[in-house]
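Listed below, chain by chain, are the residues.
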Amino acid sequence: MKIKPDSYMFEMIRTELTDVVGEDYVDVKFADKFGHSIDYYWIPEMWHDRGRECPKPDFVVLRKSRAS
Amino acid sequence: MKIANQYKIPVVPWGGGSGSQGGALPIYNGIVLDMKRMNKIIKIDKEALTVTAQTGIITKHLEWGCNKEGLSTMHLPASIACSTIGGFLAHRGTGVLSTKYGKIEDMVMSLEVVTPTGEIIRTLPVPRHASGPDLTMMFLGSEGTLGVITEVTLKIHPQPEARKFRAYIFKDFHTAMQAGQTLMRSRLGPCAMRLYDETETKTHVSKVFGIDLDKGAYLVFGFDGREKIVDLQMQYAREIMEKQFHGKDLGSKGGEWWWENKYKFFYPGYMFHVPQAFGTLDTVADFSHIENVYWAMKKVVNKEFPDARFIGHFSHWYDWGCMLYARFIFPGDKVPPNAEEAAALYNAVWDKAIRAAIREGGVINEHHGVGLKLGRYVKDLYGTAMPILEGIKAKLDPNGIMNPGKMGLPGCW
Ligand SMILES: Cc1cc2nc3c(=O)[nH]c(=O)nc-3n(C[C@H](O)[C@H](O)[C@H](O)COP(=O)(O)OP(=O)(O)OC[C@H]3O[C@@H](n4cnc5c(N)ncnc54)[C@H](O)[C@@H]3O)c2cc1C
């Protein structure tokens, strides 16, 4: 999907998510998104090694319970 | 999930990110749902011997929780310290004691799942029922494509009085394979068994143990439970290994080496790393087919990719067959510096080796899952049953938001 981070829709969705899980538990910083862009699969690791960009999430959401 | 459905945003569950198949990668961006805050042990039931936990718990923490009560999940994978129990449920993963205690799917009593449309459902509380098809099994191995598994109840076990190992070197891999199969057919019930082909014995097992093993194939197995029974099982197993197959006995010490080092194989110094290109060609087949699968894969890798090395061991053994943990490894200087060319070479090995395995009756795969890496072979594997899998996905996830593009299921972005 890739919502532009400077679009109002990005902020609309981000605040809707923080409303459910709390401000601290929706990460949109580069470092957090980067950490969720490579797993133990060789291809993304190699891609990163070659200086290429791997797809990143728009939001990293950390839930504490299954329902609010 | 309701928000994601409203705006049609992809949702990808993320446990420890230790999966090797690209299953947790957000290939279409969207939301990564990191499960690690859902990390509580909810209940240990000492009568039923079950544990109920949230699925974001690190597998080792779950094991520690059970150990405090003198109990164990007996789910001991090499990634125990960096993976969540949810990741194992999602990939039908396994641990080193699988031969006796089963893979994760054999351990599950029931699940709580948040469906793609945001409903919270529970599967039936016990696995042995005759109340229709088993929804628990449908969610196990679904890799986040059919929902988020939020809670699990697992069988647990008392710690055994004794766990003993023994190892042998056989003159070649074929003889060791026959010995291993005979032990399984004897129904003596080992808790673990592992057989390394000649190349992996020489290059890998020797290095991990820090000793020079003889030429041949290394086979190790163990039994656990009440000590007297373990000793008796071991005695019968030794007769098979020594009298029937003339294995060279490395004694209990030779077996303990493996148990002590069982995770070391997968960690730096012993594992492969970029710039090398490497992959685990995880395949499972019954005893009538497994050797042919091994030879077919080895032949295709050796012939088509002379720069690559092929090694293999057989990790998880069942009454009817076993798992082949085959690997190909390209040295770093034989991997193209260009990313697209490197990816093309890598995928070509998989295409050839996996299709050779399927032709010989192998199933890809036994415990690593499908993810992004193997999605394109799922249609070959399922054949005319594929529309059933696709239909389940379409019904449960009408907007296609859950981990799109994985497991050979549609990616809609
Ligand atoms: C050093 C090393 C050793 C390993 N040894 C073993 C081994 O012995 N046995 C073995 O089986 N595997 C092994 N693996 C592979 C890996 O650890 C397993 O596949 C593990 O199950 C992944 O768990 P994770 O929490 O890291 O999941 P992730 O990699 O984060 O995710 C894997 C998949 O599960 C999905 N998922 C995660 N949590 C949930 C959830 N709660 N609900 C729904 N879907 C979910 C993700 O979307 C993704 O598709 C090893 C990996 C490494 C790095």
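Residues numbered from 1 in each chain as written. Chains lettered and ligands numbered in written order. Predicted model: local features only at pLDDT ≥ 70, side-chain atom pairs only at ≥ 80, totals over all residues. Heavy atoms only, no water.

Draft legend 1. Region of interest: the overall build of chain B. Within chain B one finds 14 helices and 16 strands. For chain B, whose C-alpha radius of gyration is 22 Å, the value lies close to the compact-globule estimate of 22 Å for 413 residues. Dimensions of chain B along its principal axes, counting C-alpha atoms only, are 65 × 55 × 40 Å. In chain B, buried positions account for 59% of the 413 residues. Sequence separation of at least 24 residues holds for 70% of the intrachain contacts in chain B that already meet a minimum separation of 6. Averaging the locations of the 48 positively and 42 negatively charged side chains of chain B gives two centres separated by 1 Å. (Helix = DSSP H or I, 4+ residues; strand = E, 2+ residues; numbered from the N terminus. Rg over C-alpha atoms; globule rule 2.2 N^0.38 Å. Buried < 20%, exposed > 50% of the residue type's maximum accessible area, 1.4 Å probe, protein only. Contact = heavy atoms within 4.5 Å. Lys, Arg positive; Asp, Glu negative; His and termini not counted. Charge placed at Lys NZ, Arg CZ, Asp CG, Glu CD.)

Draft legend 2. Highlighting the sheet that holds strand β1 (residues 26–27) of chain A. Spatial ordering of the open sheet is given by β1(A)-β2(A)-β2(B)-β1(B), a layout of 4 strands whose pairing is mixed. This sheet does not close on itself; its edge strands, each paired only once, are β1 of chain A together with β1 (11–14) of chain B. Taken together, the 4 bridges between β1 of chain B and strand β2 (residues 31–34) of chain B define a ladder with parallel strand orientation. Residue P13 of chain B lies in a different strand from β2 of chain B, and its bridge partner there is L33 of chain B. Running at roughly 10° to strand β2 (residues 59–62) of chain A, helix α1 (residues 8–21) of chain A makes contact with β1 and β2 of chain A together with β2 of chain B of the sheet. (Pairing = 2+ DSSP bridges. Axes fitted to C-alpha atoms, helices over the stretch in contact; angles between N-to-C directions.)

Draft legend 3. Quick look at the pairing of strand β16 (residues 321–330) of chain B. Residue and element names in this part refer to chain B. Most of β16 sits inside the fold, with 10 of its 10 residues counted as buried. Here strand β14 (residues 277–286) pairs with β16 via 10 bridges, running antiparallel. In the strand pairing of β16, F278 is matched with I329. Relative to β16, strand β15 (residues 309–317) runs antiparallel, the two being bridged by 7 bridges.

Draft legend 4. Region of the structure containing the interface of chain A and chain B. Counting residues at the interface gives 38 residues for chain A and 51 residues for chain B. Between chain A and chain B the total buried area reaches about 3800 Å² when both faces are included, carbon and sulfur atoms providing 63% of it. The tally of links from chain A across to chain B stands at 1 salt bridge. Our count for the contact surface shared by chain A and chain B stands at 15 residue pairs in polar contact (both at pLDDT 80 or more). For the side of chain A that touches chain B, the secondary structure elements donating two or more residues are α1, α3 (42–49) and β2 of chain A. With 7 residues, α3 of chain A is the single largest residue contributor to the side of chain A that touches chain B. Split into classes, the residues belonging to the side of chain A that touches chain B amount to 22 nonpolar, 4 polar and 12 charged. Summarising the sheet, β2 of chain A and β2 of chain B pair through 4 bridges and their orientation is parallel. (Buried area = accessible area lost by both parts, 1.4 Å probe. Salt bridge = Lys/Arg side-chain N within 4 Å of Asp/Glu carboxyl O. Polar contact = N/O pair within 3.5 Å; in protein donor to acceptor, adjacent residues only side chain to side chain. Nonpolar A, V, L, I, M, F, W, Y, C, P; charged D, E, K, R; others polar.)

Draft legend 5. Highlighting the nonpolar core. Of all hydrophobic cores here, the largest spans 76 residues; its most connected members are W42 of chain A together with F221, L281 and F314 of chain B. Lining this core are residues from two domains, each supplying at least three of them: domain 2 (162–266) and domain 3 (277–373) of chain B. Listed in part, the 46 residues of the second largest apolar core include M107, V108, W258 and M323 of chain B. (Core = buried A, V, L, I, M, F, W, Y, C linked by side-chain atoms within 4.5 Å. Domains from an automatic or database assignment.)

Draft legend 6. Focus on the environment of H61 of chain B. Within the element layout of this structure, H61 of chain B appears in helix α2 (residues 59–67). Here the alpha-carbon distance between H61 of chain B and G255 of chain B, two residues 194 residues apart in the chain, equals 27 Å.

Draft legend 7. Summary view of the layout of surface pockets. Residues and elements named next belong to chain B. Of the pockets and cavities examined, the second largest pocket occupies roughly 670 Å³. Grouping the constituent residues of the lining of the second largest pocket by class yields 19 nonpolar, 7 polar and 5 charged. Looking at the lining of the second largest pocket, you find at least three residues from each of domain 1 (2–158) and domain 3 (277–373). (1 Å grid on protein atoms, 1.4 Å probe; cavity = no way out; pocket = protein on both sides within 12 Å on 5 of 7 lines; lining within 4 Å. Points joined across faces, edges and corners; volume = space filled by probe spheres on them.)

Draft legend 8. Just the packing of aromatic side chains, in detail. Taken as a whole, this structure holds 29 aromatic pairs over all chains when the rule is applied. Judged by centre distance (4.9 Å) and plane angle (20°), the ring pair of F165 of chain B and W259 of chain B falls under stacked. Taken together, the positions of F165 of chain B in strand β10 (residues 162–170) and W259 of chain B in helix α10 (residues 251–260) put the pair 94 residues apart, joining distant regions of the chain. Looking at W259 of chain B, the relative accessible area reads 15%, which means it is buried. An aromatic cluster of at least three residues, connected via ring pairs, comprises W42 of chain A together with F305, F328, F330, Y346 and W350 of chain B. The side chain of K262 of chain B reaches across the aromatic face of W259 of chain B, ending 3.7 Å from its centre. (Phe/Tyr/Trp six-rings, centres within 6.5 Å; stacked < 30°, edge-to-face > 60°. Lys NZ or Arg CZ within 6 Å of the ring centre and 35° of its normal.)

Draft legend 9. The arrangement of the packing of helix α11 (residues 290–304) of chain B against helix α12 (residues 339–359) of chain B in detail. Residues and elements named next belong to chain B. Where α11 contacts α12, the two axes come as close as 8 Å, and the packing angle between them is 155°. With respect to each other, α11 and α12 are oriented roughly antiparallel. Taken as a pair, α11 and α12 cross one another with a handedness that is right-handed. Residue-level contacts link V293, A296, M297, V300, V301 and E304 of α11 to V349, K352, A353, A356 and A357 of α12. Residue composition of the contact of α11 with α12, by class: 9 nonpolar, no polar and 2 charged. (Parallel < 35°, antiparallel > 145°, perpendicular 65-115°, else oblique. Left-handed = near helix turned anticlockwise from the far one by under 90°.)

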